[in-house]
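# Chains, contacts and geometry: an overview
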Amino acid sequence: MNLKELILKIRNRFSPHEELRDEAVLGFLRVLEKVREEEAPCSEIFARLDEYVENELHGQDTARLMPLVKEHLDMCSDCCEEYEALLEVLEKTDEK
Ligand SMILES: [Zn+2]
């Protein structure tokens, strides 16, 4: 989802006469900040996390194969947690 779509989507959630509550505005700002900070949105990284972990477990050079994912994991704690959890699960699966 690009930024323009995101803004339209959020705007459409409020009728024109409805006053924006502080909470809603703050939430909106937080989303914008997140989009600006990250090169790739978390949803995109999540979608490729399986592939990334598989590659890593097979000894592939993931930093070279999927640099965007690697970069994102380095700066996004949410995705990094997800990645570590996935890695742990797959490592255990491989042991069997
Ligand atoms: Zn993320």
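The structure we're discussing is the one just above.
Going along each chain's sequence as written, the residues are numbered from 1 onward. Totals for whole chains, interfaces and linings use all residues, but because this is a predicted model, local features are given only for residues with pLDDT of at least 70 and pairs of side-chain atoms are given and counted only at 80 or more. Side-chain calculation: all heavy atoms of the structure are included, whereas hydrogens and water are not.

### Digging into the overall build of the chain
Going by this rule: By the criteria applied, helices consist of DSSP H or I runs no shorter than four residues and strands consist of E runs no shorter than two, each listed in order from the N terminus. Residue burial is assigned from relative accessible area. The probe radius is 1.4 Å, only protein chains are included, and a residue is buried under 20% of its type maximum, exposed over 50%, and partly exposed in between. Contacts: residue pairs with any heavy atoms within 4.5 Å of one another.
Looking only at helices and strands, the chain features six helices and zero strands. Taken from the N to the C terminus, the helices and strands of the chain come in the order α-α-α-α-α-α. A buried classification covers 22% of the 96 residues belonging to the chain. Pairs at least 24 residues apart make up 63% of the contacts formed inside the chain by residues separated by at least 6 positions.

### Remarks on the coordination of the zinc ion
Worth spelling out the cut-off: Atoms of type N, O and S within 2.8 Å of a metal are treated as its donors, and for Na, K and Ca the window is 3.2 Å; water is not considered, so some sites may appear to be missing partners. Tetrahedral means four donors with every angle between 85 and 135 degrees, whereas square planar (four donors) and octahedral (six donors) require angles over 155 degrees between opposite donors and between 65 and 115 for all others; sites fitting neither are termed irregular.
Each protein donor to the zinc ion is listed here as Cys42 (SG), His72 (NE2), Cys76 (SG) and Cys79 (SG); together their distances run 2.0 to 2.3 Å. With four donor atoms in place around the zinc ion and angles of 97 to 116° between them, the coordination shape is tetrahedral. Going along the chain, you hit the donors of the zinc ion in the pattern C-x29-H-x3-C-x2-C. Within this pair, whereas Cys42 is found in helix 3 (residues 42-57), its partner Cys76 is found in the loop between helix 5 (67-75) and helix 6 (77-95), the two being separated by 34 residues in sequence. Take Cys42: its relative accessible area is 16%, and that puts it in the buried class.

### Topic: the nonpolar core
Keep this limit in mind: Buried residues of nine kinds, namely Ala, Val, Leu, Ile, Met, Phe, Trp, Tyr and Cys, make up a nonpolar core once their side-chain atoms join them within 4.5 Å.
Judged by nonpolar contacts, the single largest core of 14 residues is most densely connected at Ile45, Leu49, Tyr52, Val69, Leu73, Cys79 and Tyr83. Contributing elements (two or more residues each) for this core: helix 3, helix 5 and helix 6. If you tally residues by element for this core, the top one is helix 3, at five residues.

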